[in-house]
Amino acid sequence: MGVSRSEQRVVVVGAGMAGVQTAVQLREQGWPGGIRLIGGEPHQPYDRPPLSKAVLLGKADDAALDVDFGALGIDVELGRQATALRPGERLVETDAGSVAYDQLVIATGAEAVALPGAEGVPGVHLLRTLDDAARLRAVLAARSEVVVVGAGWIGAEFTTAAREAGCDVTVVEAGVAPLPGALPAEITEHMRPWYEESGARLRTGTAVRSVERGGVRLQDGTRLRADAVVVGVGSRPATGWLAGSGIGLGEDGGVLADEMLRASAPNVYAVGDCASFPSARYGERLLVHHWDNALQGPRVVAANITAGTLPDGEAEAALYDPVPYFWSEQFGRFVQYAGHHTAQDELVRRGDPDQAAWSVCWLRDGTLNALLAVGRPRDLAQGRRLIAGRAPVDAERVADAAVPLKKAVPTS
């Protein structure tokens, strides 16, 4: 006779948004057994978006999530690092011993990518954790001279906060325009003036050769002085602890989950920044390092764990195929993105990108595939629904910024 659900324990490794929401969703969806949440950091589970905003500027001391774990019957263990996984024995190895599980959820998120050769150099910072934000708060409070390496999302948000704090900021980006890899340069070139308007200097097409005490050396030999160097060159799934476990990982380091967010070993799921999943909507595997993904995926994981322990036929599988969504607050602008685009999609502009509010749409086979909205939240809301519904749209009406996107759907 099998073990009843009330006697089974779900272990969630990772106490970020994805891990916490998985534990909460399990309870909300009726899981009766034990839930054990293991986090590598010593802090109470916290939200990440405020780190580059309120926490960084000293407007908030922390970003703790408002969850009553005790009332939900969730056992929380913090400051405990997962070091290995033995799926055949259903054991997670940690720096404080082994943890047995009946069902396992991998939610260890992502870690910031360090600049090669910069490790251990005084004054070099990353911005990923609460401790990172606390260290950088002191840099901003001192109105330091700062070099930011990377003009991606984090680089832009940190630069915004640093200029608000009165720091002297130079941003160095190896790509030809801001947000390389995320958006086409023909679009992000219009974001270049945002840096200049804020008082920051942006140098693109320039890579960093080395980081030295008190500054950085560029590939062309130029030396930029800095009291602090902030590295924002991307992130990667925090999955090193899974080496040798047999859990399938992609070239990007993400756990190769299926459409139910199951990993390649029985009774193991993956969710959030560390998990890639096959998207039927876009016809490719996606690895999404954004807050909304960490919020939505746990509902599917919890539903499938609960359903998977019921007798056959009592519950249907939940599939994960979201419309990815992301937002960023930078240089006094609210930037939102929904969907997923490729270079093969038709790019349609809505409005003048040199003005305060504008959007860009990507169409594929007559439907809206993705949308970037700057100061046009209504475009984002309506476009997101069109993407989800795969509704056909008229490209000419999409291009007319005076026409609401919902009106771009042909009526006949």
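None of the values given here were measured: they were computed from a predicted structure. (Residues numbered from 1 in each chain as written. Predicted model: local features only at pLDDT ≥ 70, side-chain atom pairs only at ≥ 80, totals over all residues. Heavy atoms only, no water.)

Our next topic: the pairing of strand E25 (residues 358-364). Most of E25 is tucked away: six of the seven residues are buried. Note that strand E24 (residues 346-350) and E25 share five bridges and pair antiparallel. The residue bridging Arg349 from the neighbouring strand is Val360, located in E25. Two strands pair when backbone bridges link them, and E25 and strand E26 (residues 367-374) are joined in this way by seven bridges, in the antiparallel orientation. In the sheet register, Val360 faces E26, and the bridge partner there is Leu372. (Buried < 20%, exposed > 50% of the residue type's maximum accessible area, 1.4 Å probe, protein only. Helix = DSSP H or I, 4+ residues; strand = E, 2+ residues; numbered from the N terminus. Pairing = 2+ DSSP bridges.)

Of the two faces of strand E12 (residues 201-204), only one is covered, namely that formed by Leu202 and Thr204; the face formed by Arg201 and Arg203 stays uncovered. Pairing between strand E11 (residues 168-173) and E12: four bridges, direction parallel. From the neighbouring strand, Val171 faces E12, where its bridge partner is Leu202.

Counting through the fold element by element, Asp258 comes out in the loop between strand E18 (255-256) and strand E19 (268-270). Here the side chain of Asp258 touches Met260 through a polar contact of 2.8 Å, landing on its backbone nitrogen. One polar contact links Asp258 to Arg262, side chain to side chain, over a distance of 2.7 Å. For Asp258, the residues in contact, after removing those within four places along its chain, are Phe277 and Pro278. (Polar contact = N/O pair within 3.5 Å; in protein donor to acceptor, adjacent residues only side chain to side chain. Contact = heavy atoms within 4.5 Å.)

One way to put it is that helix H1 (residues 17-28) packs onto helix H7 (residues 291-308) with a least axis distance of 8 Å and a crossing angle of 35°. Pair H1 / H7 crosses with right-handed handedness. Of H7, the residues touching H1 (which contributes Met17, Ala18, Gln21, Thr22, Gln25 and Leu26) are Trp291, Ala294, Leu295, Pro298, Arg299, Val301, Ala302, Ile305 and Thr306. In terms of residue class, the contact of H1 with H7 is made up of 10 nonpolar, four polar and one charged. (Axes fitted to C-alpha atoms, helices over the stretch in contact; angles between N-to-C directions. Left-handed = near helix turned anticlockwise from the far one by under 90°. Nonpolar A, V, L, I, M, F, W, Y, C, P; charged D, E, K, R; others polar.)

Next up on the list: the sheet that holds strand E6 (residues 97-100). Strand order across the open sheet formed by three strands is E4-E5-E6, with antiparallel pairing between neighbours. Each end of this open sheet is capped by a strand with a single partner; those strands are strand E4 (82-86) and E6. For this sheet the average axis-to-axis angle between neighbouring strands, irrespective of direction, equals 25°. Here strand E5 (residues 91-94) runs beside E6; their pairing, made up of four bridges, is antiparallel. In the strand pairing of E6, Glu93 is matched with Ser98.

On the basis of which strands lie adjacent, the open sheet formed by five strands has the order E3-E2-E1-E7-E19 and parallel pairing. Two strands lie at the open edges of the sheet, namely strand E3 (74-77) and E19, each paired on one side alone. Each neighbouring strand pair of the sheet contributes to a mean axis angle of 20°, computed without reference to strand direction. As paired strands, strand E2 (residues 34-38) and E3 are joined by four bridges and run parallel to one another. Bridge pairing in E3 places Ile35 opposite Ile74. Packing against the sheet, H1 makes contact with strand E1 (9-13), E2, E3 and strand E7 (103-106), and its axis sits at approximately 170° to E2. Relative to E19, H7 is tilted by about 165°, and along the sheet it contacts E1, E7 and E19.

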